[in-house]
Each structure stands twice: as structure tokens, then as C-alpha cells.
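Structural description and commentary
Here's the letter readout for the chains.
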Amino acid sequence: MRITRLHVYGFGKWINHTFDFSDDTIQWITGNNEAGKTTLRQCMLYLLFGQTPKEIEKYMPKQGGNIGGTMTIEGLSDEPIIIERIYKRNKGKAVIYLHNGKIEDEEWLRSKLNHIDRSFYEAIFSFDVMDLQKIQQMDVDTLNEVLLAIGMTGTDRIYFAEKELDKKKQALFKPNGTKPMMNQLFAELDELNIAYRKALDEEKTYAFQLSNKDTIEQQLEANNHTINQKEKTYNQVKLLLTHYTTIESLYMKTQQYNRIDAKATFPTDGIERLDYIKEKMLPIQSEAEVVKKKKATLDEQIKRLSSELLEESTISKMEVEMEAYESMHDKERELHQLKQQAEQEKRQIELQLHQLHISLSFEQLDTIDFSFQTEEEWNMLSKQSEQYNMEKQYVNEEYRAMTTLIHELEEEVREKEVLVASTYEIEKAKEEIDNVSKQKSMQQMNKRQKQLMNQLKKIPLLSIPILLIAFYLFVINQVQWGIVIAMIGILPSLFVFVLIKLITPVQVTYQAENIDSTEQLQETQIWIEEQERMIARIEQIDQLIKQHKIEQLKLSERMQFIDMKRNQMEEKIRDQINHYPFLQTIDLSYWVNLYHKLSRIMEQYESYLRNTNQIKGMEEEITSWKKKHKEMITSFQVDSIEQLRSLTQANKENKDKLALLKQDRDVLTEELALLKQKKKPYMDEMTQLLQEQNVASEEAFRKSGEDYRIRTKLLEETNQLIDSLKVSFTTKEIKSFQDGHYQGKALLSDSLQKLEQDIRLLKESHVHLQEQLNEVHATIIQLEKLENVSDLHQKIQFKKDELATYAKEWAICHIASETIAQTKSTFIAQHIPDLLDKASKYFNQLTNNMYTHIIFKEENQWIYVQNNQHMLFALEELSQGTRDQLYISLRLALSDLFTNTKLPFFIDDSFVHFDPTRKEVMMELLREKSKTNQLFYFTTSTEPAYQSVITL
């Protein structure tokens, strides 16, 4: 993956700015403080992965505008793609434009990036000096967990998840704790179990008292029932004595009522109603006579006016003719208006045609026939023309840029070829360096041999004292010992002599022609390295030139394809011009606008044609009517339309007068019917009254009413007595009183005295039982104040349920912790060795072979480094710069694990703690890394020799 171009719409200080990253794989971006380096890095990360609204709003441009931009990327598809992301548009998601014109969404981009997120990317590929210092701000355990989490997932989420799980488990339960929730519940359960056993003993006493209470309450209930029955009977007897006079009066009234022989019913207020009916009918009969006389007078007047009216058919013809006359006058006015409107429309159309400045006259509008596809075709041709022009311009610019780039690369090759020596000269220089090295080696060997020979020559001097001793032994006749001692003295000298003969100095036959000193040797080595780098650069440029020429050929083919499409489009344009000649002088981009204007003109022209046709029809219609109108006036025996109007007006007035008379007659007829209707209810009511009593005369009706009045009065008095008794007695009891079924007054008095005595004895017994019940009840209340077994059992069960809930939550946390631990173990066994092996190689290079290995000890889950003397060092024993180099080595090793997509690095001045030597090694590593991964290095320094420099 390679970013070649960045265009910023707005991001912090960057507004409508474009950056070109197509020159080199290392982009050295330099600038002073506040130049916008970190803002540019955040902008590139935002376009790739997005950001939360809270974070992104910090980069809102002060001058206003949208946050976002576009980024051109190679390597994610067969052709370059463009990523566009704008804040608060498309919900902040990216839009990807492919080379073939297709548009993809952010999910497509995430799949191409192997579904990594921003936190994962920043954990490996994007860092600054603060990110490197985070490793120093943690204790040993925390640092180890974070490194392990980053190695496994690309974020520190596992580390924080495991810490959160441990914290949650400690809050739930500790083996020897008292404050965690489960420990508190265990203590509360112990206390509740002790109280539960004590309550079981007290419950037996409580059950006995409850049984005794039930017995006494049953006796009280039976006693109360007997008292109630006695009191009820007592009250009934007392009530009979109280109402004895009323009961006796009721019996007498009932007997008197039954002896009267009269009908059971009589119309309510029958006599009064009969008198009222006769009084109301008298004025109605008088009014009916007056109305009949008025109606006869109106009938005479109606008969006279009817004979004077014209026939309806004649009147209809006259009215039709007058209406036709008015209608024709309206049409003549309308005709005049239409002629003016048509003339105005014609002038307006001619003016609009003149303003269009096209070769089209008013008379030629008949020849124009726009189909329903015309607008679509003209619009399509306009858009295609614009699109082909833009594509051709874009391809031409790309072609010219590619040509310029090829020329620059070829010029660079020619410049470097001038500086590059021949292969013979390079090989000869290498051979001279080898000869000098061999010569120095031989000289050192001869020097060591000379030193050895000088030391060996000193050995025979040691033999002189031994030979003197042997000579002395010969002198004193100790010949055998003298020979032995002499041999001991002679043998070392012989050995040294032989050894000197065997060691012969090596003759140096190598001679360097042009190298006389160490400085010349170093200069020659530097010269060879520069020559090799230039040769490698020439080969790289040749490869780039081939690639660019292939791209240039593709652009040529694209241009030919665009020209072919444009020729096809121009053929369609010529067809349209042949069909519509007035388009000859009109620019294609104006055709659609012209279509809309001509369409409106054609609508006006069609309106003009409709009005013209309507004018012709109206003129013919008016001429025909005038001829018929003259004949019709003659047939009515009048000379003019005014006489005809007068005749019809007089007839209309008589007709209206006749209608009024008929209306008055109808009113009188309705009044007669209404009076008859008013009288009918009274007649019906009188007939009904007589029929109800089944009598034929008014006198018989009045006698029946008097008998009914007397009987009704007795019934009312009886009902009053019954109502007074209903307060104390039932309807059944009152009925029996009416029939004479009740005891005498003396017998009732004796029964009342006996009931009073029985009630007094029963109440005394009730008081004694109530005292016993109060004593039992007091004992029960005392026991009930203690907590009962049921409540304690319920509390124990509730606490157990609560404990089970917390235990389940603790088990879930424990299983999650075990799962994380197992995952970490699996990761260490499978991936950490390979990761640390790669990181060790980078760390070894960065420290100039001082540290050879990075070791992960499983027993304490900690990282150590081993130097070249096989000594181990913990992280806190390293210098600040060395720790930074270790962390960078881990990041580079992690990046090597990504084999599918080589993602770019964003490095923001992260090497401030590096010494010059290690910084140079770091830059060399970055140059090597840039062969597979694009690098963006943001710094205030301007020292690179081979990178593309962008100065902000």
C-alpha cells in the first residue's frame, strides 16, 4: 500500500492544500514548531480510519469550512483508488472511488486493510516520542501486560480487561476478607441461622396459645349468636307493642275498602279533563268558519288571472330567444378578446424567438416536432461532451506529467552514468583492497615470527651453566654424570637450532599500486560503496522508467478510446443538427436550456393555434345566429327585441301575481287542515275517556268518577298506614296484619319480660369469656413481637438467592480471567518466540551488536535483553534511548507479521533520545524498511540525503 497524493479540504491549519508523495518511498516532512506536522499526520489517519466527533472537532478550521479531504492510494486494488472522507457527511464514513468509476463504501476499505482499526494501526505503524515514553511510565507488571496485549491484538484492551476482571472479583469475594459482598452475605447467613433455631422453640408455645384463643373465640361467637337471636326477638315484640294502634287501624281500613263496589280504575282527573276538552274545542270551530269564507274569495281571483296568461310554450320560446340574444352579445365580446389575445401571443412568440438569436421564424414553428426523448438525448450529449473533455484533459495532464517524470528519471540516469566508473575499475579497486588486507596480515605474521625467534635465541644461554657443570664433573672424573648433564645442556640448543631453521619468514608478494596508507584504503572503500549505491539507483530508475512507459502506453490507449467515443458522440450531434438546423450556431452546452425555452414557446404557439381556430368557429356561429334571430322576432309579431322583453315582462308579472294568490289559497287550505287537526285530538280524547269507563254518556261517566274518588281515598289512607309500618316490618308481615293475623296486646307484654331476663344472663357469661380471651391475646402479642420462623426462613432464602447471584457473577469473572490467561499462554507458545526473534534482529542492529537477544521469561512473564557477553538486563536497567530502541524494534517486528498488506509508517520525530551513531543505523533500517513499507517521517530536522523532503 502506497499513498501518492493527499488533498486537504480543511483540517486544522491546512485548508485546500495538496501534497504529492509520488517521488520516493520515504517522505521526509520537515518544519518548525506549529508548522502543522502533527496535524498533517492526524489528517492522514482520519482519512484512513475516521475519528470520534469529540476528537475530530479539535481540528475544525478557524476560517470555517468542511473537515476532510481525499487521499490517492496504490496497492489496495489493481488500479489507484481515491478515498474521500468529510466530517458530518455520509455519517462521517469514507467514500472510495475506483479507477473504473465504481464507488465503494468504508466496509470495502476495511476489508482491504484486513479489518484493522485505528487503535490497532497506531499501536504498530504510527507513533511519536510520547508513545515511546509510555513504556517507561508503567511498572514492571503493567508494562509486560501491555506489550503482551499489543502483540496479541494491536491494542491494550486485553490488559485493561484483565485488570477490570481482577478488581471485580476482589470486590465480590476474598477468602479472608470482610468487606466484599459475598463475605458480608456469609456472615449475615450465620446470624440468621442462629435466630432461626431460637424461633423454632418459641413457635411451639405460640401454637398452644393460638389453639386456646380459637376455643374461647368459638364460645364467644356461639354466645353472641344466642344473644343476637334473643335481642332480635325482644325487639320484634317491643316493636309490635309500639305500633299496635297503627296495625289495628290498618286492619279496619282494609275491611272498609273491600266492601265498596266500584270499578278498579278511572282516568286520572277524568272529570276535569272532560270539562277542559269542551272548553278548548269552541274557539277552534269559530276560526274554521272564517277561513272558509276567505278561501272562496281567492278562488274567484285565481280563475280570472289564469284566463289572461300566455301559453307556456310561447313564453319558453321568447325566453330562449332573449337568452340566445344575450349569449351572442357575450360571444361577440369574447371574440374580440380572443383576437386581441391571439395577436398578443403572436407578438410575444416573435419577440422570444428574436431574443434567442437563432435562425427560426414564427412560420417555421409548424416544422418543429420535439419527441419525448429529445430533452434526454440533448442532455446526454451535453454531459458526454463535458465528460469526454474532462477525461481527455485529465489524461493529457497525466500523460504530460508521466513524460516529464520519465525525462527527469532518464536525465538522472545519464547524470549518474557519468559518475559511475567501469566494472573493471571497481573490480580492480576491490582487488587492491584485498591485496592490502593480505599484505597487512602477512606483515603481522612475520612480526610475530621474529619475536618468537628472538625469544628462542635466548634459550641456548641457559645451557651454558649446565655445560659448565658437566665440564666440572668431567674434571672430577664423574664422566657418566658429566655426559648426562652435557646432553641436558646440549639438547635445548639443538631443538632451538632446528626450530629456527624450520621457521622461515613469509615473503610478502602482494603489492597495492595505488594504496599507500590507511586513509587511502578508507577512501577507496567509501568510493566503492558510493559506486554500488549509484548502480543500484540506476537499476531502480530503469525499472521505474519501464513502469512509467507502460503507464504512458495505457494513457495513450485511453486517449484513443476517448477520441473514438467522442467521434461517435459528434456523429449523434450532426444527426440532431440535420434534424434541427437552427442548432447549427448553438453551443452544445446550451442545447438543454434552449430545449426548455423552445418547449415553452411551442406551448404558447399551440395556445395561439387553439385561439385562432376558436375565433373562426365563433365568427361562423355568430353569423348563422343573426339570420335565425331576425326570423324569430317576426314570428312573435313584434318589431324589436325590446318589445319582446316588455311582453314577456307583463306576462311574468301576472304569473307572479297568480302564484301569490295560489300561495295564499294554499295557506288557507293548510290552516283549515290544521284546525281540523287541532280539533281531532280533543275529539279522540273525549271518545277515549268514555270508552275507558265503558259508558255511553257524559252523565254515566261523571257518576263512575265519584265512586272511584271515595275508594281511592280509602286506598290512600291504607297506603299511608302501610308506609308507616314499612319502616319496622316486612311486606309479608304487613299483609298478615291486614288479614287480622296478630297477637293481643296483653300476650305481647308477657313475652317481652321473659326475653329481658334471658338476655341479661347471657351478657354476664359473655363478659367472663371476654376476660379469658384478653389474657390469651396479651400472651400471643408478646410472642408475636419476636421475629417468627417464616420471616427468618424467608430472609435466609433471600440472602441465599442474593449470594447465588453474586456467586454466578464471580464465576463469570473467574472463567473470563482463566480464558484470558489461557489465551495469553497460547499466544506466548505460538507467536512470541517468532516475534521476539524478529525484534532481536532489529534491536541488535540498532545497538551496534551490543544486545543480541530479546528474551521472554514465562516464569515471571517478563521481557529481558541479553548483551553480547550473554548477560541479562531488565528494562528498567536500560537507558532511556535503549528502551526507545527496544520498543521500536518490537513495532517493526510486529509490522513484519503483516504479509498481505504492507501498511505505511507515520513516525513523528521519535528519535530524540538516539545518539548520532544509533540514529544513523535507525535511518538505514528505515531505508531498508521503505522497500516494503512506505514511510512518513515528521521532524524539525533537514538532514536526509536520499529521501524526498517536503518543507512545511
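Here's what I pulled together on the structure shown here. Here, residues in each chain are numbered from 1, in the same order as that chain's written sequence. Restriction of local features to residues with pLDDT of at least 70 applies here, the model being predicted, together with a cutoff of 80 or more for giving and counting side-chain atom pairs; totals for whole chains, interfaces and linings are based on all residues. Excluding hydrogens and water, the side-chain figures rest on all heavy atoms present in the structure.

1. Quick word on the overall build of the protein
Along the protein, the regular secondary structure elements total 25 helices and 14 strands. Note on classification: 1.4 Å probe, protein chains only; a residue is buried when its accessible area is under 20% of the maximum for its type, exposed when over 50%, partly exposed between these limits. Here the protein holds 952 residues, and the buried ones make up 36% of them. Across the protein, contacts joining residues at least 24 apart in sequence account for 74% of those joining residues at least 6 apart. Carbon and sulfur atoms form 52% of the exposed surface of the protein, whose accessible area is close to 59800 Å². Working convention for charge: Lys and Arg count positive, Asp and Glu count negative, and His plus the chain ends are omitted. Here the site of a charge means atom NZ of a Lys, CZ of an Arg, CG of an Asp or CD of a Glu. Once the 122 positive and 149 negative side-chain charges of the protein are each reduced to a mean point, those two points are 3 Å apart. In this text, helices come from DSSP runs of H or I with a minimum length of four residues, and strands from runs of E with a minimum of two, each type numbered from the N-terminal end. Here, residues are in contact when the closest pair of their heavy atoms is within 4.5 Å. Per-residue and other accessible areas were derived by the Shrake-Rupley procedure at a 1.4 Å probe size, with only the shown protein chains allowed to occlude residues.

2. Let's talk about helix 1 (residues 37–49)
Look at helix 1: 19 Å from first C-alpha to last across 13 residues, which is about the 18 Å you get at 1.5 Å a residue. Those residues of helix 1 lying buried are Lys37, Thr39, Leu40, Arg41, Gln42, Cys43, Met44, Leu45, Tyr46, Leu47, Leu48 and Phe49. Of the residues flanking the end of helix 1, it is Gly50, one or two places downstream, whose phi is positive at about 80°. Helices are assigned an expected span. That span is 1.5 Å times one less than the residue count.

3. Observations concerning a negative patch on the surface
On the surface, Glu287, Asp664, Asp666, Glu670 and Glu671 cluster together to form a negatively charged patch. In terms of residues, the negative patch owes the most to one element, helix 18 (residues 641–692), which gives four residues. Given the relative accessible area of 43%, Glu287 is considered partly exposed. Each patch is assembled from residues with relative accessible area greater than 30% and no salt bridge, linking like charges that lie within 9 Å and nonpolar side chains (Val, Leu, Ile, Met, Phe, Trp, Tyr) that lie within 5 Å. In what follows, salt bridge is the name for a side-chain nitrogen of Lys or Arg lying within 4 Å of a carboxyl oxygen of Asp or Glu.

4. Things to note about the pairing of strand 10 (residues 862–867)
Of all six residues making up strand 10, six are buried, and the element is well covered by its neighbours. Note on pairing: DSSP must find at least two bridges between two strands before they are called paired. Between the end of strand 10 and the start of strand 11 (residues 872–874), which pair antiparallel, lie four residues, with His870 showing a positive phi angle near 65°.

5. Side note on a nonpolar patch on the surface
On the surface, a cluster of nonpolar side chains totalling about 670 Å² of accessible area is made up of Leu467, Phe474, Val479, Ile483, Met487, Ile490, Leu491 and Leu494. When residues of the nonpolar patch are traced back to their parent elements, those giving at least two are helix 14 (459–475) and helix 15 (479–502). Here the nonpolar patch gets six residues from one element, more than from any other, and that element is helix 15. As for its position among the elements, Met487 is in helix 15.

6. What to know about the packing of helix 9 (residues 244–259) against helix 19 (residues 698–726)
Running from amino to carboxyl end, helix 9 crosses helix 19 at an angle of 155°, the nearest separation of the two axes being 10 Å. It follows from the interaxial angle that helix 9 and helix 19 lie roughly antiparallel. Where helix 9 crosses over helix 19, the two elements pack in a sense that is left-handed. Of helix 19, the residues touching helix 9 (which contributes Thr246, Ile247, Ser249, Leu250, Lys253, Thr254, Gln256 and Tyr257) are Arg711, Leu714, Leu715, Glu717, Thr718, Leu721, Ile722, Ser724 and Leu725. Under the scheme applied here, ten amino acids are nonpolar (Ala, Val, Leu, Ile, Met, Phe, Trp, Tyr, Cys and Pro), four are charged (Asp, Glu, Lys and Arg), and all others, including Gly, are polar. In terms of residue class, the contact of helix 9 with helix 19 is built from eight nonpolar, six polar and three charged. Axis angles are defined between N-to-C directions and span 0 to 180 degrees, where every axis is a line fitted to C-alpha atoms and, for a helix, only to the segment in contact. Working rule for angles: under 35 degrees goes down as roughly parallel, over 145 as roughly antiparallel, 65 to 115 as roughly perpendicular, anything else as oblique. Left-handed describes a crossing whose near helix is turned anticlockwise from the far helix through less than a right angle; right-handed describes the clockwise counterpart.

7. Thoughts on the packing of helix 11 (residues 312–356) against helix 17 (residues 591–635)
Axis separation between helix 11 and helix 17 bottoms out at 8 Å; the angle between their running directions is 155°. The orientation of helix 11 relative to helix 17 falls into the category roughly antiparallel. Along this stretch, helix 11 crosses helix 17, giving a crossing that reads as left-handed. Of the residues that constitute the contact of helix 11 with helix 17, the class distribution is 19 nonpolar, eight polar and 11 charged.

Geometric values such as these leave the question of function open.
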